[in-house]
Amino acid sequence: MAKVVKFGGSSLADANQFKKVAEIIRADKDRRYVIPSAPGKRFGADVKVTDMLYACYDAVLAGKNALAEFRPIANRFNEIISDLGLTISLDDEYDRIIENFKKKSGSDYAASRGEYLNGLILANFIGYDFVDAAKAIHFRPDGTFDADLTDASLSMILGGYKRAVLPGFYGAKPCGTIKTFSRGGSDFTGSIVAKAIKASLYENWTDVSGFLVADPRIVENPEGIETITYRELRELSYMGAGVLHEDAIFPVREAKIPINIKNTNQPQAHGTMIVPVAEVSGKEPVRVITGIAGKKNFSVIHIEKDEMNNEIGFLRRILTLFETEGVSFEHIPTGIDTMSIVVNSSVLETHPNLPELISKVARPGQLEIEHKLALIAIVGRGMKERRGTATRVFAALSHARINIRIIDQGSSELNIIVGVNEDDFEKAIKAIYNALVLGEV
Ligand code: ASP
């Protein structure tokens, strides 16, 4: 049995956090493969090492002195080393990094050094082997991630180690150039390692005790989510619920490995378990709603045309236009002679002539655009089996005097999506939470 444990930046921000991490790893002998992030913020106004590295590299490119610019970064790592009472020195590593910065080795290389150096310290501190992600995680020459090659090489390389630390966030192209995933990508590294070694569990340790039913900046003290399916999580994270990198779900989901989101500062808390549907089917969820999430900044293109329903190919022509223009849409609620296309408002900024092109291909009777729409997803696997969820959502919004501009229920009955004015966004989430989670309507 092996578990993959990933620790986020705040879990490894200083020596004190390193000690908590070591204790967590030692508490379970199955925690054999460890994925560290770079040191994160120690306090609110602090700067993450990854951000320091990007800034340092830009300064070197702009002609500043590399040694002086790198000094604060080296200091942060040296402080951790000395506070932990370790005897290793990373001076040779720093020299090499500074030399490579001068040789313009790329901002991905620069950013990746946070995870690399932190991994070296952690491996030394807990007595695990260190495996450089550049040797095991592969990108193609065009910069795209090579999942199959990575899966094969990770399982072969890690198969040779009983216990190892492999830094998150980066890998390398065949020529050896370092390439990173998008920000927060150590979550993804953890997920691909878990898949490759066929882990029994992927533990993702962070600074919160898992997912909350709603955004705590909007709802005061929201309840935590104990169990969520991959599909529910996908819906919620797409709509802006943070904590885990969006892509991190896919590799473990494919391999049916559960993810447990845990809190390094409160290891005894249950956290959130992310599981395949099969593991929850038959079990009644605690509540009908698993989570509520939403995003602002959407626009709606309303199209009206007499006898649209009889016009074969109408939708296809519009969707083909979207494809050739390379823009994606969020939802398409339709009526008999009307359809609305919900897009991220930025689409209309980058493609200002989109409405004109739609008029050309579809010749609608009317085309109108509305801005400032917020979308809210109410997600819950429990909805399917119970009546009245939609009624309660709509009643809650009506009692709060909020006008619903769009309604969309996925055919999976896993979610209900409502669109409201951006100004009503926070009020709407609170009203839905109070009604469906606290049972106040
Ligand atoms: N350190 C990287 C970042 O700040 C990657 C990570 O933490 O997952 O985005």
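Residues numbered from 1 in each chain as written. Predicted model: local features only at pLDDT ≥ 70, side-chain atom pairs only at ≥ 80, totals over all residues. Heavy atoms only, no water.

Caption draft 1: Structural detail: the overall build of the chain. Along the backbone of the chain there are 15 helices and 15 strands. Here the C-alpha atoms of the chain give a radius of gyration of 25 Å, agreeing with the 22 Å that 2.2 N^0.38 yields for 441 residues. Each principal axis of the C-alpha atoms in the chain carries an extent, and together these give about 75 × 50 × 40 Å. In the chain, the proportion of contacts linking residues at least 24 apart, taken out of those at least 6 apart, comes to 75%. (Helix = DSSP H or I, 4+ residues; strand = E, 2+ residues; numbered from the N terminus. Rg over C-alpha atoms; globule rule 2.2 N^0.38 Å. Contact = heavy atoms within 4.5 Å.)

Caption draft 2: Representation of the sheet that holds strand β15 (residues 415-421) within the structure. Overall, antiparallel pairing links the five strands, which are arranged β12-β11-β13-β15-β14 in an open sheet. Edge positions in the sheet fall to β12 (338-344) and β14 (404-409), since each of these pairs with one other strand and no more. Shown here is a sheet whose adjacent strand axes are inclined to one another by a mean of 35 degrees, direction ignored. Judged from the seven bridges that link them, strand β11 (residues 291-304) and β12 form a sheet pairing that is antiparallel. (Pairing = 2+ DSSP bridges. Axes fitted to C-alpha atoms, helices over the stretch in contact; angles between N-to-C directions.)

Caption draft 3: Layout of the packing of helix α7 (residues 147-159) against helix α8 (residues 186-196). Their axes nearest at 8 Å, the elements α7 and α8 cross at an angle of 70 degrees. On the basis of the axis angle, α7 is roughly perpendicular to α8. Facing Thr-150, Asp-151, Leu-154, Ser-155 and Leu-158 of α7, the residues of α8 in contact are Ile-192, Val-193, Lys-195 and Ala-196. A class-by-class count of the residues in the contact of α7 with α8 yields five nonpolar, two polar and two charged. (Parallel < 35°, antiparallel > 145°, perpendicular 65-115°, else oblique. Nonpolar A, V, L, I, M, F, W, Y, C, P; charged D, E, K, R; others polar.)

Caption draft 4: Up close: a negative patch on the surface. Side chains of Glu-304, Asp-306, Glu-307 and Glu-368 sit close together on the surface and give a patch of like negative charge. Along the chain, Asp-306 turns up in the loop between β11 and α11 (314-325). (Patch = residues over 30% accessible without salt bridge, like charges linked within 9 Å, V, L, I, M, F, W, Y side chains within 5 Å. Areas by Shrake-Rupley, 256 points an atom, 1.4 Å probe, with all protein chains shown as cover. Salt bridge = Lys/Arg side-chain N within 4 Å of Asp/Glu carboxyl O. Lys, Arg positive; Asp, Glu negative; His and termini not counted. Charge placed at Lys NZ, Arg CZ, Asp CG, Glu CD.)

Caption draft 5: Quick peek at the packing of α11 against helix α13 (residues 354-362). In contact at an axis separation of 9 Å, α11 and α13 are set at 140 degrees when each is read in the N-to-C sense. In terms of orientation, α11 and α13 fall into the oblique class. For the pair α11 and α13, the crossing hand works out as right-handed. On the side of α11, the interface is formed by Phe-314, Arg-317, Ile-318, Leu-321, Phe-322 and Glu-325, while α13 contributes Leu-354, Leu-357, Ile-358, Val-361 and Ala-362. Residue composition of the contact of α11 with α13, by class: nine nonpolar, no polar and two charged. (Left-handed = near helix turned anticlockwise from the far one by under 90°.)

Caption draft 6: Just the environment of Ala-66, in detail. Inspection of the secondary structure assignment puts Ala-66 in helix α3 (residues 66-83). On the basis of relative accessibility, which here comes to 6%, the residue Ala-66 falls in the buried class. Placed 36 residues apart in sequence, Ala-66 and Lys-102 show a C-alpha to C-alpha distance of 7.0 Å. Excluding its chain neighbours within four sequence positions, the residues that come into contact with Ala-66 are Val-60, Ile-98 and Lys-102. (Buried < 20%, exposed > 50% of the residue type's maximum accessible area, 1.4 Å probe, protein only.)

Caption draft 7: Broad picture of helix α2 (residues 49-61). For α2, which comprises 13 residues, the first-to-last C-alpha distance of 18 Å matches the rise-based estimate of 18 Å (1.5 Å per residue) to within 8%. Here α2 has its buried residues at Val-49, Thr-50, Met-52, Leu-53, Cys-56, Tyr-57, Ala-59 and Val-60. Of the surrounding secondary structure, the elements contacted by the buried residues of α2 are α3, α4 (91-102) and α5 (107-126). One or two positions beyond α2, positive phi appears at Gly-63, with a value near 95 degrees. (Expected span 1.5 Å × (residues − 1).)

Caption draft 8: Expanded view of the site of the ligand. Neighbouring the ligand are the residues Ser-37, Lys-48, Thr-50, Glu-115, Phe-169, Arg-183, Gly-184, Gly-185 and Ser-186. Note that a nitrogen atom of the ligand is positioned 2.8 Å from one of the side-chain N or O atoms of Thr-50. Burial of the ligand by the protein amounts to 94% of the accessible area it has alone, namely 260 Å². Across the shell around the ligand, the residue classes break down as one nonpolar, five polar and three charged. (Near = heavy atom within 4 Å. Polar contact = N/O pair within 3.5 Å; in protein donor to acceptor, adjacent residues only side chain to side chain.)

Caption draft 9: How the structure looks around the packing of aromatic side chains. Inspection of every chain in the model, using the stated rule, returns 12 aromatic pairs. Ring geometry for Phe-70 against Phe-101: centres 6.1 Å apart, planes inclined by 90 degrees, an arrangement best described as edge-to-face. Within this pair, whereas Phe-70 is found in helix α3, its partner Phe-101 is found in helix α4, the two being separated by 31 residues in sequence. Of the two residues examined, Phe-70 and Phe-101, each falls in the buried class. Members of the aromatic cluster, each reached through a chain of ring pairs, are Tyr-57, Phe-70, Tyr-94, Phe-101 and Tyr-109. The ring centre of Tyr-116 lies 4.3 Å from the NZ or CZ of Arg-113, which sits over that ring. (Phe/Tyr/Trp six-rings, centres within 6.5 Å; stacked < 30°, edge-to-face > 60°. Lys NZ or Arg CZ within 6 Å of the ring centre and 35° of its normal.)

Caption draft 10: Region of interest: the nonpolar core. Ranked by size, the top nonpolar core spans 122 residues in total, and within it Phe-70, Phe-101, Leu-166 and Ile-376 carry the most contacts. At 10 residues, α5 tops the list of elements feeding residues into this core. Ile-376 has contacts with Met-239, Ile-292, Ala-293, Gly-294, Ile-416, Ile-417, Val-418, Val-420, Phe-425, Ala-428, Ile-429 and Ile-432, leaving out every residue within four places of it along the chain. The next biggest cluster of nonpolar side chains, apart from the first, holds 17 residues, and it includes Phe-314, Ile-318, Leu-321 and Leu-354. (Core = buried A, V, L, I, M, F, W, Y, C linked by side-chain atoms within 4.5 Å.)

Caption draft 11: Representation of unusual backbone geometry in the model. The phi angle at Lys-104 is positive, at roughly 60 degrees, despite the residue not being glycine. Along the chain, Lys-104 turns up in the loop between α4 and α5. A positive phi angle, close to 40 degrees, is found at Arg-363, a residue other than glycine. Here Arg-363 is to be found in the loop between α13 and β13 (366-379). Judged by relative accessible area, which is 62%, Arg-363 ranks as exposed.

Caption draft 12: Structural view of the side chain of Ser-37. Within the secondary structure, Ser-37 sits in the loop between β2 (31-36) and α2. A distance of 3.4 Å separates polar atoms of two side chains, one belonging to Ser-37 and the other to Ser-186.

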